[in-house]
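# Coordinate inspection notes
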Amino acid sequence: MPRDTSIRSVLIIGSGPIIIGQACEFDYSGSQAALSLKEEGIEVSIINSNPATIMTDKVIADHVYLRPLTVDSIEEILIEQKIDAVLPTMGGQTALNLCKEAEERGVWEKHGVKVIGVDVAAIEKTENREAFRQLMVDIGVGVAPSKIANSFLEGKEAAQEIGYPLVIRPSYTLGGSGGGFVHKKEEFDAALKRGLEASPTHEVLVEQAVLGWKEYELELLRDSNDNVIIICSIENFDPMGIHTGDSITVAPAMTLSDRCYQDMRNQAIKMMRAIGNFAGGCNVQFSVNPDNDQIIAIEINPRVSRSSALASKATGYPIAKIASKLAIGYNLDEIENQITKTTSAYFEPTLDYVIVKIPRWNFDKFKGANMELGLQMKSVGEVMGIGRSFIEALQKACQSLEIGRAGLGADGKHNRSIDEIMYGLEHASWNRLFLIKDAMSMGVPLESIRKVTRIDKWFLAQIQDLVHLETELKRYSLNNIPKDFFFTLKQKGFSDIQIAYLLGNVTEDEVYDRRTSLGIRRVYKMVDTCAAEFAAQTPYYYSTFEEENESISSDRKKIIVLGSGPNRIGQGIEFDYSCVHGLLAAKESGFEAIMVNCNPETVSTDFNMADKLYFEPVFWEHVREIIELEKPEGVIVQLGGQTALKMAEKLHEKGIKIIGTSYNDMDVAEDRGRFSDLLKELEIPYPKYGVAENAEEAIVVANEVGYPVLVRPSYVLGGQGMSIVINDEDLEKAVVKLLGDLPGNRVLIDHFLDRAEETESDSICDGEDVHIVGLMEHIEPAGIHSGDSSAVLPPFSLSDQVIADMETYSKKIARALNVIGLLNIQFAVKDGKVYVIEANPRASRTVPFIAKAYDVPYINIAAKIMLGVNKLKDFKIERKLQGYAIKEPVFSYDKFPEVPKELGPEMKSTGESIRFIKDLEDPYFRKLYKDKSMYLSK
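Residues numbered from 1 in each chain as written. Predicted model: local features only at pLDDT ≥ 70, side-chain atom pairs only at ≥ 80, totals over all residues. Heavy atoms only, no water.

### So, the overall build of the protein chain
For the protein chain, the helix and strand inventory stands at 31 helices and 33 strands. Against the globule reference of 30 Å for 938 residues, the protein chain gives a C-alpha radius of gyration of 27 Å, in line with a compact fold. The principal-axis extent of the C-alpha atoms belonging to the protein chain is close to 75 × 75 × 65 Å. Long-range contacts, defined here as pairs at least 24 residues apart, represent 70% of the contacts in the protein chain between residues at least 6 apart. Counting only carbon and sulfur atoms, one obtains 47% of the accessible surface of the protein chain, whose full area is about 33000 Å². (Helix = DSSP H or I, 4+ residues; strand = E, 2+ residues; numbered from the N terminus. Rg over C-alpha atoms; globule rule 2.2 N^0.38 Å. Contact = heavy atoms within 4.5 Å. Areas by Shrake-Rupley, 256 points an atom, 1.4 Å probe, with all protein chains shown as cover.)

Laid out in structure tokens, this is it:
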């Protein structure tokens, strides 16, 4: 049927700040849904408290409300915008819980608002563990034996009846919060207490643990005619026992028999129909006994999920976009296929390639954390590799992780301790995949690895094939590798730098030159949803090694934007926001905008955002060959955080133009010695500093500059490896650890200004004029990472002289560094004197916050200046903030209860929220200021 014409205005509920378990995949889903509804002439409002997302930008929605995610806030918007319908399925568990609370308070009925995309009753059926279990029993879908418990006594009785091992699943939580496995009786009391406390309804499901069973997911869509399609099957590389968000996943499913798949498909459709009569999307998770293919249902989520974003990028089928059209009444056969443009959306995608998702963890930020993976999600982001085979996609995903790996092993970073390897195989952590390869390289039998890990033999055999290829490669020198064998290595995902390492005494460039002389080059294949059955028009590509290249370079002037890779602490969604605006600015300026990124959760990797999307690792070899094919006017590295910036030196060496600030000027800002010399020349105060390459040199420097000192490595983001020390003994330990974690790095040692205030400036420079984007005052003092500090815009207690000095120094540094684009500077203020701590000529995590607070498209302006199409004088910039805006960090400490909640120079927050206040007497500010006042000397 045609769309429901009674729906003229829709409110989309966002997911709030990024936390572990609810990350930027909901920014992608919400943005896609908003644009989809706007296409239909519907007026779209969005409520979200996250300033770092593109979802809360005016390019996405008609009305953006950066307000706390509460029912009261929602009700105000319903009245103000005369909302006809609310779409709560794009904002994760946060949005569903708010929808349910508003329903219970009678808000939707009171204002005549329809809930679309889901039945409110379905939320209760899926989130209430007992209701879900009973429903599955009623419809004949298998579930693990379980009992509900609302008290300690009920939990103990359930455990006694079910037996060990068992799993505790709290109701109404996200990312497995509060859940866990219990292997023996002695562990049960603490686990039960944790689960009951985590559930907002004080309810847990005590369930038999099916450890070692295989885990699968299906993504479904249903329309109002009850037509249901399966978009994608996803298989977990890791067996049951590890949260799916922490599991390596593969699509399509690799080891699932057709009979079992058809059975699973039928059960998923039955489950979706049973939870309610609604049009929209669902994610269903199953477990399969590897011995007899017995299937049991784990859970069903009546919303877009983390896996929905992955499935959308894996297949090219825009799930959130289609789900939002289904929610307003369209049927699947009435919606155009977004890829082919000639068929309908009523089809199930076919993949002639494989995708592999690998999670990204940040255990280095949580000292003392329990790094063993289990039911509670701990990863902060993810990457996706696309290849013609599982192993090619796996190697590409490894290259995308930003952990210094050149692929799956063969890069000199292997573990040679058999005891550590065997322990790591049994107790899964972030590195188990690499330890499997190390074990095979040391001769551990495949069957022994299978018994310990319970990973399917097929996956292990694929990895073992890499070991055999490496052994064969070592028989050759670079110049006598047979072409066919060289081609096989590249098809298996081996990078040039891996091949160079295995051959020894050759460089990455020499391997590249040799293979290209043999005619072995990447070709690019289109992600078309239909395995080339129909002609496709999407500009969405991945690389492989075959004969035919499907990516044809146009004769237009092109700009390549390098993305920020996986979401992680210190480099979050704000950099993807910047990249999206870079793409939009390039398109608006007449360039063909090309995106290179590997993060399936983000808006930048939506194929509708760029003129051309390469879903590839932001890894030199891949970037190099894309540049050689496309021959762009230049490459933007300023917007993608440290991931993109690390490419600058290579680009500079190869003579490839960097758009905006030059590599040399960026290097001056990064090199502490050169930057301090510049500050000295400009007569700008800075803390005394020194540079050391070992502990002995560090002690000499520290005694010269004076304790306390701030110790940090060069070229890092998010305060990685930073610490404050007060004596020689602590300094020696800090330096030895830092150089052990980051070999080859130099150590910067600054005198630490104790009890100083920290402030920041962001500015835009066109090479001549400088515009101060914003000045911020931190509530926490210097010594606490700026990303973990609450920042107030504009400053609330700085003197006029301090503000004037900040503005003067910002302009001086911008001109001295020849900045073309963005510049972030951090200051310390002590006794009325302003010191420059550091300058970063790139997008910062604060620019999106300032842009939202002042309602000015600063990244778009900066990008057009970087591209050389505009000067600052071309823009009329009007700030609209009345009062103050506060950026407050959000932490995910609940995932690591064993970690001290102390703040310091190394960033730990996973996201941020924004709050507007009229004056400093606002109760929110007074409470925040009081809570933080323990840090303050004033």
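Still more ground to cover, so stick around.
### A short note on the pattern of salt bridges
Following the criterion strictly, the structure yields 59 salt bridges and no others. A salt bridge links Glu76 to Arg67, with the shortest nitrogen-to-oxygen separation between them at 2.9 Å. For Arg67, a relative accessible area of 23% corresponds to the partly exposed category. Linking Asp750 and Arg712 is a salt bridge whose minimum nitrogen-to-oxygen distance equals 3.2 Å. Here Arg712 lies in strand β24 (residues 709–713) and Asp750 lies in strand β26 (residues 747–751), a separation of 38 residues in the sequence. Each of the two residues, Asp750 as well as Arg712, counts as buried. The network of salt bridges with common partners includes Lys490, Asp496, Arg515, Arg522, Glu621 and Glu625. (Salt bridge = Lys/Arg side-chain N within 4 Å of Asp/Glu carboxyl O. Buried < 20%, exposed > 50% of the residue type's maximum accessible area, 1.4 Å probe, protein only.)

### Considerations on helix α9 (residues 258–275)
An ideal rise of 1.5 Å per residue puts 26 Å on 18 residues; α9 measures up with 26 Å between its terminal C-alpha atoms. Burial in α9 covers these residues: Cys260, Tyr261, Met264, Arg265, Gln267, Ala268, Ile269, Met271, Met272, Ala274 and Ile275. Summarising the contacts, the buried residues of α9 are in contact with α5 (120–127), α6 (129–139), β10 (214–222), β11 (228–236), β13 (280–288) and β14 (295–301). (Expected span 1.5 Å × (residues − 1).)

### Describing the side chain of Ser15
Residue position: Ser15 is located in the loop between β1 (9–13) and α1 (25–39). When neighbours within four sequence positions are excluded, Ser15 is seen to be in contact with Gln22, Phe26, Asn48, Leu69, Gly91 and Thr94.

### Here we look at the pairing of strand β16 (residues 381–387)
Across the seven residues that make up β16, a large majority, seven, are buried. Covered by surrounding structure in β16 are Gly381, Val383, Gly385 and Gly387 together with Glu382, Met384 and Ile386, the residues of both alternating faces. Summarising the sheet, strand β15 (residues 354–360) and β16 pair through seven bridges and their orientation is antiparallel. Across the sheet, the residue bridging to Lys357 is Met384, located in β16. (Pairing = 2+ DSSP bridges.)

### What about the confidence of the model for the protein chain?
With 97% of its residues at a pLDDT of 70 or more, the protein chain has an overall mean of 92. In the model, residues 934–938 has pLDDT below 50 throughout and makes 14 contacts with residues more than four positions away in sequence or in other chains. (pLDDT = per-residue confidence, 0-100.)

### Details of a nonpolar patch on the surface
Together, Met371, Ile403 and Trp430 make up an exposed nonpolar region whose accessible area comes to about 250 Å². Take Trp430: it is sitting in the loop between α13 (418–426) and α14 (432–441). (Patch = residues over 30% accessible without salt bridge, like charges linked within 9 Å, V, L, I, M, F, W, Y side chains within 5 Å.)

### A word on α14
The buried fraction of α14 amounts to nine of the ten residues, a majority that puts the element mostly inside the structure. All of the buried residues along α14 are Arg432, Leu433, Phe434, Leu435, Ile436, Lys437, Asp438, Ala439 and Met440. Those residues of α14 that are buried are in contact with β15, α12 (390–400), α13, α15 (446–453) and α16 (457–473). Just downstream of α14, Gly443 is the residue with a positive phi angle, here 95°.

### Side note on the packing of aromatic side chains
In this structure the tally under the stated criterion is 19 aromatic pairs. Considering the side-chain rings of Phe366 and Phe896, the 4.3 Å spacing of their centres and the 20° angle between planes classify their relative orientation as stacked. Of this pair, Phe366 sits in the loop between β15 and β16 while Phe896 sits in the loop between β32 (884–890) and β33 (911–917), and the two are 530 residues apart along the sequence. Since its relative accessible area comes to 2%, Phe366 is described here as buried. (Phe/Tyr/Trp six-rings, centres within 6.5 Å; stacked < 30°, edge-to-face > 60°.)

### Some remarks on the packing of α12 against α16
Relative placement of two packed helices is described by the angle separating their axes and the distance separating the axes. Where α12 meets α16, the axes come as close as 10 Å, and the angle between the chain directions of the two elements is 75°. Put simply, α12 runs roughly perpendicular to α16. Judged by residue contacts, Phe390, Ile391, Leu394 and Gln395 of α12 engage Trp458, Phe459, Gln462, Ile463 and Leu466 from α16. Tallied by class, the residues present in the contact of α12 with α16 amount to seven nonpolar, two polar and no charged. (Axes fitted to C-alpha atoms, helices over the stretch in contact; angles between N-to-C directions. Parallel < 35°, antiparallel > 145°, perpendicular 65-115°, else oblique. Nonpolar A, V, L, I, M, F, W, Y, C, P; charged D, E, K, R; others polar.)

### Some thoughts on the packing of helix α7 (residues 152–162) against helix α8 (residues 188–198)
Contact geometry for α7 and α8: axes closest at 10 Å, N-to-C directions at 130°. In terms of orientation, α7 lies oblique with respect to α8. The handedness of the crossing between α7 and α8 is right-handed. Here Phe152, Gly155, Lys156 and Ala159 of α7 come into contact with α8, specifically with Phe188, Asp189, Leu192, Lys193 and Leu196. (Left-handed = near helix turned anticlockwise from the far one by under 90°.)

### Regarding the sheet that holds strand β21 (residues 612–615)
Strand order in this open sheet of six strands is β17-β18-β21-β20-β19-β22, and the pairing throughout is mixed. Across the chains shown, the open sheet's two edge strands, defined by having one partner strand only, are β17 (523–526) and β22 (634–636). Shown here is a sheet whose adjacent strand axes are inclined to one another by a mean of 30°, direction ignored. Note that strand β19 (residues 558–562) and strand β20 (residues 592–597) share five bridges and pair parallel. Residue pairing for β20: Val561 is matched across the bridge by Met595.

### Notes on a negative patch on the surface
Where like charges cluster on the molecular surface, the negative patch consists of Glu693, Glu696, Glu697, Asp728 and Glu732. Elements with a minimum of two residues in the negative patch: α26 (695–705) and α27 (728–741). Turning to its location among the elements, Glu697 is positioned in helix α26. The exposure class of Glu697 is partly exposed, given its relative accessible area of 35%. (Lys, Arg positive; Asp, Glu negative; His and termini not counted. Charge placed at Lys NZ, Arg CZ, Asp CG, Glu CD.)

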